[in-house]
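# Topology and contacts: notes
This is what each chain is made of:
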Amino acid sequence: MEKNIVLIGFMGTGKTAVGTRLAQRMGREFVDTDKEIERITGMTIRDIFYKTGETRFRSEESLVVKRLADRTKLVIATGGGAVINQENLELLKKNGVLVCLEAEPEDILRRVSKKRNTRPLLKKNVNVNDIRQMLQEREEYYRQADIHVETSGLEPDEIVKRILQKLNEGKHGLLKG
Ligand code: S3P
């Protein structure tokens, strides 16, 4: 069995950009949980949050996680909150190697400020301390990843290279079920 590669980590750490390239390099199918949710519900993430609320979003997200966790050989980019739920995290771990993309709060703030509108959890004047606090609250989940990759100051292609290096460090045998 070839395990999925599951990118986890905070908003703005580059999961989608990195996941797309990683899938290309590995000749695998790429799936983004947020895009799946939008496809299935026919609504944007923003509208799901504003019109139906976060609880509904999280339940759609858990459904998508359940479905994808049963498959193999995928590269999956998750929404930043998808693994802030131990059940989702364990489902994804069963058939997958969890790769956590990390970044300094200042970098995250810079990256999310550009697309804040599409991220309903970030208030209008979000600051670096808000990001720090959310990161702290989520730490206990993110730290359960198999691999951690620091992304600050790196382009997506370099991040892909580092992920592949870690996956190929044979001693882990990470990709085999
Ligand atoms: C969320 C992250 C978002 C999206 C939703 C909630 C979170 O995805 O799923 O806005 O709770 O961190 P990205 O991490 O791709 O921004």
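Attention here is on the structure that accompanies the text. This structure is a prediction, so every number in the text was calculated from the model and none was measured. (Residues numbered from 1 in each chain as written. Predicted model: local features only at pLDDT ≥ 70, side-chain atom pairs only at ≥ 80, totals over all residues. Heavy atoms only, no water.)

## Side note on the layout of surface pockets
Here the largest pocket defines a volume of roughly 850 Å³. Every residue lining the largest pocket is counted, 31 residues in all, and those nearest its centre are T16, D34, K115, T118 and R119. Broken down by secondary-structure element, the contributors of at least two residues to the lining of the largest pocket are α1 (15-26), α2 (33-41), α3 (45-52), α4 (54-69) and α6 (105-114). Partitioning the lining of the largest pocket into residue classes produces 8 nonpolar, 10 polar and 13 charged. (1 Å grid on protein atoms, 1.4 Å probe; cavity = no way out; pocket = protein on both sides within 12 Å on 5 of 7 lines; lining within 4 Å. Points joined across faces, edges and corners; volume = space filled by probe spheres on them. Helix = DSSP H or I, 4+ residues; strand = E, 2+ residues; numbered from the N terminus. Nonpolar A, V, L, I, M, F, W, Y, C, P; charged D, E, K, R; others polar.)

## Looking at the packing of α2 against α4
As a packed pair, α2 and α4 sit with axes 10 Å apart at the nearest point and diverge in direction by 110°. In terms of their interaxial angle, α2 and α4 are classed as roughly perpendicular. Residue-level inspection shows T33, D34, E36, I37, R39, I40 and T41 of α2 in contact with α4, the latter providing R56, F57, E60, E61, V64, R67 and L68. Of the residues belonging to the contact of α2 with α4, the class tally is 5 nonpolar, 2 polar and 7 charged. (Axes fitted to C-alpha atoms, helices over the stretch in contact; angles between N-to-C directions. Parallel < 35°, antiparallel > 145°, perpendicular 65-115°, else oblique. Contact = heavy atoms within 4.5 Å.)

## Concerning the site of the ligand
Around the ligand, 13 residues are found, and the nearest of them are K15, D34, R58, R119 and R138. The side chain of D34 places a nitrogen or oxygen atom 2.8 Å from an oxygen atom of the ligand. Backbone polar atom of G81 to an oxygen atom of the ligand: 3.2 Å apart, as the coordinates give it. In isolation the ligand exposes 390 Å². Once the protein is present, 94% of that is buried. Residue classes in the shell around the ligand are distributed as 5 nonpolar, 3 polar and 5 charged. (Near = heavy atom within 4 Å. Polar contact = N/O pair within 3.5 Å; in protein donor to acceptor, adjacent residues only side chain to side chain. Areas by Shrake-Rupley, 256 points an atom, 1.4 Å probe, with all protein chains shown as cover.)

## A few points about the environment of V160
Secondary-structure assignment places V160 in helix α8 (residues 156-168). In this structure V160 comes out as buried when scored by relative accessible area, which is 1%. Apart from the residues within four sequence positions on either side, V160 is in contact with V18, R21, L22 and R25. (Buried < 20%, exposed > 50% of the residue type's maximum accessible area, 1.4 Å probe, protein only.)

## Some points on the nonpolar core
Judged by nonpolar contacts, the single largest core of 33 residues is most densely connected at I8, F10, L92, L98 and I131. Where this core is concerned, the elements lending two or more residues are β1 (4-8), α3, α4, β3 (74-77), α5 (86-94), β4 (96-102), α6 and α7 (128-142). Sort the elements by how many residues they give to this core and α4 lands first, with 5 residues. Counting 18 residues, the second largest nonpolar core, distinct from the first, contains I159, I163, L167 and L175. (Core = buried A, V, L, I, M, F, W, Y, C linked by side-chain atoms within 4.5 Å.)

## Details of the pattern of salt bridges
For the structure shown, the criterion picks out 16 salt bridges. When the shortest N-O distance is used, the salt bridge between R21 and D157 registers 3.6 Å. Residue R21 is found in helix α1, and its partner D157 is found in helix α8; the two are separated by 136 residues along the sequence. Between E158 and R162 there is a salt bridge, with the nearest N and O atoms lying 2.9 Å from each other. (Salt bridge = Lys/Arg side-chain N within 4 Å of Asp/Glu carboxyl O.)

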